[in-house]
Amino acid sequence: MAGESTSCPPGYSVEFRDDVAILWMNNGENRFNIDTIAEINRALDTVEGSSLTRILITTGVGKFYSNGFDLNWLGNQGPEINEEFVGRLYKLWIRLMTFPVPTVAAINGHCYAGGGLFALCHDHRVMRTQRGWWCFPEIHIKLPFRPEMMNLLQNKLSSPAVARDMLLFGKKYVAEDLLKIDVVDDICEQSSLIEVAINRARTTLGKDNYSRDMLTRMKEDINNNSIERLVSTPYYQAVKSKL
Amino acid sequence: MPELQDKYRVEFVGDVAILRMNNGENRFSSPTITAINKALDEIEKSDAKALITIGSGRFYSNGIDLKWMSQQTADEALKFALVPLVNRVLTFPMPTIAAINGHCYAGGAIFALAHDYRVMRTRQGWFCLPEIHLKLTFSSFKHVIKCKIPQGRVFTDMAVFGKRYTAEQVKATGVVDDITEMAGLMDLALHMAKQCLGKSGYDRETLKILKTDLYEDAVKETSVGNQQLFNIAKL
């Protein structure tokens, strides 16, 4: 099957292929703002509501997996909206980190900043070769992470040296680099990306599948440190009970 | 003390500052820490974009000057400022590289770990955290060690059981980034600095914030007002 869906609708949509759900992000740079977060959540609702689904793949269309926060939009909002955005973002990360089925980020292109964070909230990452950079450019754009974001990122990276290069010095990586440092599990050509992502999830699923409840609880336990940090922020607390 | 300051001299190679420690075993006492801080002050005031520290002869640093320490009164010992110095290096507002030219033991290894990068010469010199063998704890440095040494086997061997490493061995752990023969060590360090800096270097303020957040627990533990007195009574 082709890795790219040229008939993919614009925006965020879910495609079901047997027991696999694919969340297609077809929104240009796939940046995060309050509206796009809401659309992603609606898509995730659809996936969760499908009891036959046992795997979630997320992927972008074209040159971008995600370039991170919608900084242009954020710059035009007041502090209240900025804070609400952060709270809803944290909720989304927690939701993804504890999603009740195995998740794979199929990185089809550029994956920057908040996009990298989003990808790291998945159980697995696979990436296409020959195009697309992975980078946390915060040092270069002089926009430090919030401490709870830094904490989450550190928990997801394999060694102090990787954290130093990636988070402090904003190094750029291609797929081959990420494979070497265990940030991605598989790399392949773009045309095989979805297939490779599904295979990675199937390997994880094994024969017996998982109870959704158990998987969520296990993910909550393992990510306990990061989740507590995010939950304890005023941003999260302010949106905790909002839809 | 001008003669002592001479042993901790700063030189500049382009926009890289080099702090040369030329004081025998380069052990830490209050006077030597004062000299190092003066050198770091000079570097921060300059336009330098990266810092390399290096020892001389057979030693990078063998850690705390225990003999000096045993001669201090309790009050004087309290003022011993290795903990704040480690904090300062940990959050230094430019990329830092420890060029380990020889033995790097205990407090010297912790000082090296506080840097962003480590390179080491081959064929001479051990890298070691021998605290267990000296019946010392890491006290205020336990988070520095945790945030710089990979978890699992490496941490167990290096930090808990005080294993001694050659350059090749410590490179294999990832704790040292690259190794080369002594004659090429400074060039290697300069090359790493250049590679790290890229075209434009880094904004000092942003880098300091990032380091403070990335090494959060270590920074908190080593910040002024939070120092634990070393178990010097045991020495």
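Here the structure is a predicted model, which means the values were calculated and not measured. (Residues numbered from 1 in each chain as written. Chains lettered and ligands numbered in written order. Predicted model: local features only at pLDDT ≥ 70, side-chain atom pairs only at ≥ 80, totals over all residues. Heavy atoms only, no water.)

(A) Here's a closer look at the packing of aromatic side chains. As enumerated under the stated definition, the model contains 13 aromatic pairs over all chains in all. Members of the aromatic cluster, connected to one another through ring pairs, are F32(A), Y65(A) and F118(A). Sitting above the plane of the W126(B) ring, R164(B) keeps its charged end 3.9 Å from the centroid. (Phe/Tyr/Trp six-rings, centres within 6.5 Å; stacked < 30°, edge-to-face > 60°. Lys NZ or Arg CZ within 6 Å of the ring centre and 35° of its normal.)

(B) Quick peek at the interface of chain B and chain A. Facing 22 residues of chain B, the contacting portion of chain A comprises 19 residues. Around 1700 Å² of area is buried between chain B and chain A when both sides are counted, 69% of it from carbon and sulfur atoms. The tally of links from chain B across to chain A stands at two salt bridges. Residue R164(A) pairs with D177(B) through a salt bridge whose shortest N-O separation is 2.8 Å. Put simply, chain B and chain A have six residue pairs in polar contact (both at pLDDT 80 or more) between them. Among the secondary structure elements, those contributing two or more residues to the side of chain B that touches chain A are β7 (117-121), α7 (142-148) and α11 (204-214) of chain B. (Contact = heavy atoms within 4.5 Å. Buried area = accessible area lost by both parts, 1.4 Å probe. Salt bridge = Lys/Arg side-chain N within 4 Å of Asp/Glu carboxyl O. Polar contact = N/O pair within 3.5 Å; in protein donor to acceptor, adjacent residues only side chain to side chain. Helix = DSSP H or I, 4+ residues; strand = E, 2+ residues; numbered from the N terminus.)

(C) Fine view of the pattern of salt bridges. Counted according to the given criterion, the structure contains 22 salt bridges over all chains. Notably, a salt bridge pairs D123(A) with K219(A), separated by 2.7 Å at the nearest N-O pair. With D123(A) in the loop between α4 (114-120) and β7 (124-128) and K219(A) in helix α9 (residues 212-222), this residue pair connects regions lying 96 residues apart in the sequence. For D123(A), a relative accessible area of 29% puts it in the partly exposed group. Between E25(B) and R27(B) there is a salt bridge, and its shortest N-O distance comes to 2.7 Å. Given the relative accessible area of 31%, E25(B) is considered partly exposed. The exposure class assigned to R27(B) is partly exposed, which follows from its relative accessible area of 24%. What emerges from the salt-bridge pattern is a single network uniting D19(A), R54(A) and R202(A). (Buried < 20%, exposed > 50% of the residue type's maximum accessible area, 1.4 Å probe, protein only.)

(D) Broad picture of the sheet that holds strand β9 (residues 164-165) of chain B. Residues and elements named next belong to chain B. Strand order in the open sheet made by the four strands is β4-β6-β8-β9, with mixed pairing throughout. Since the sheet does not close on itself, it has two edges, and those belong to β4 (59-61) and β9, each with one partner. With two bridges joining them, strand β6 (residues 103-105) and strand β8 (residues 127-128) adopt parallel strand pairing. Looking at β8, one finds that Y105 is bridged to C128. (Pairing = 2+ DSSP bridges.)

(E) Highlighting the environment of F12(B). All names here are of chain B. You can see F12 is positioned in strand β1 (residues 8-13). Since its relative accessible area comes to 39%, F12 is described here as partly exposed. For the pair F12 and E25, spaced 13 residues apart in the sequence, the C-alpha separation amounts to 23 Å. Apart from residues lying up to four places away in sequence, F12 is in contact with A17, E42, S46 and A48.

(F) Quick look at a nonpolar patch on the surface. All names here are of chain A. Together, L71, I141 and L143 make up a nonpolar patch on the protein surface, roughly 250 Å² of accessible area in all. Within the fold, L71 resides in helix α2 (residues 71-75). Look at L71 and you get partly exposed, because its relative accessible area is 40%. (Patch = residues over 30% accessible without salt bridge, like charges linked within 9 Å, V, L, I, M, F, W, Y side chains within 5 Å. Areas by Shrake-Rupley, 256 points an atom, 1.4 Å probe, with all protein chains shown as cover.)

(G) Molecular detail of unusual backbone geometry. Residue and element names in this part refer to chain B. At N26, a residue that is not glycine, the phi angle is positive and equals roughly 50 degrees. Turning to its location among the elements, N26 is positioned in the loop between β2 (16-21) and α2 (30-45). The buried category is assigned to N26, whose relative accessible area is 1%. Phi at K135 is positive, roughly 60 degrees, even though this residue is not glycine. Inspection of the secondary structure puts K135 in the loop between β8 and α7. You can call K135 exposed: its relative accessible area is 69%.

(H) Spatial organisation of the packing of helix α5 (residues 147-156) of chain A against α11(B). Direction vectors running N to C along α5(A) and α11(B) enclose 60 degrees, while the axes themselves pass 9 Å from each other. Relative to α11(B), the element α5(A) lies oblique. For α5(A) against α11(B), the interelement crossing comes out right-handed. Contacts from P147(A), M150(A) and Q154(A) in α5(A) reach L210(B), D213(B) and L214(B) in α11(B). For the contact of α5(A) with α11(B), the class distribution of residues is four nonpolar, one polar and one charged. (Axes fitted to C-alpha atoms, helices over the stretch in contact; angles between N-to-C directions. Parallel < 35°, antiparallel > 145°, perpendicular 65-115°, else oblique. Left-handed = near helix turned anticlockwise from the far one by under 90°. Nonpolar A, V, L, I, M, F, W, Y, C, P; charged D, E, K, R; others polar.)

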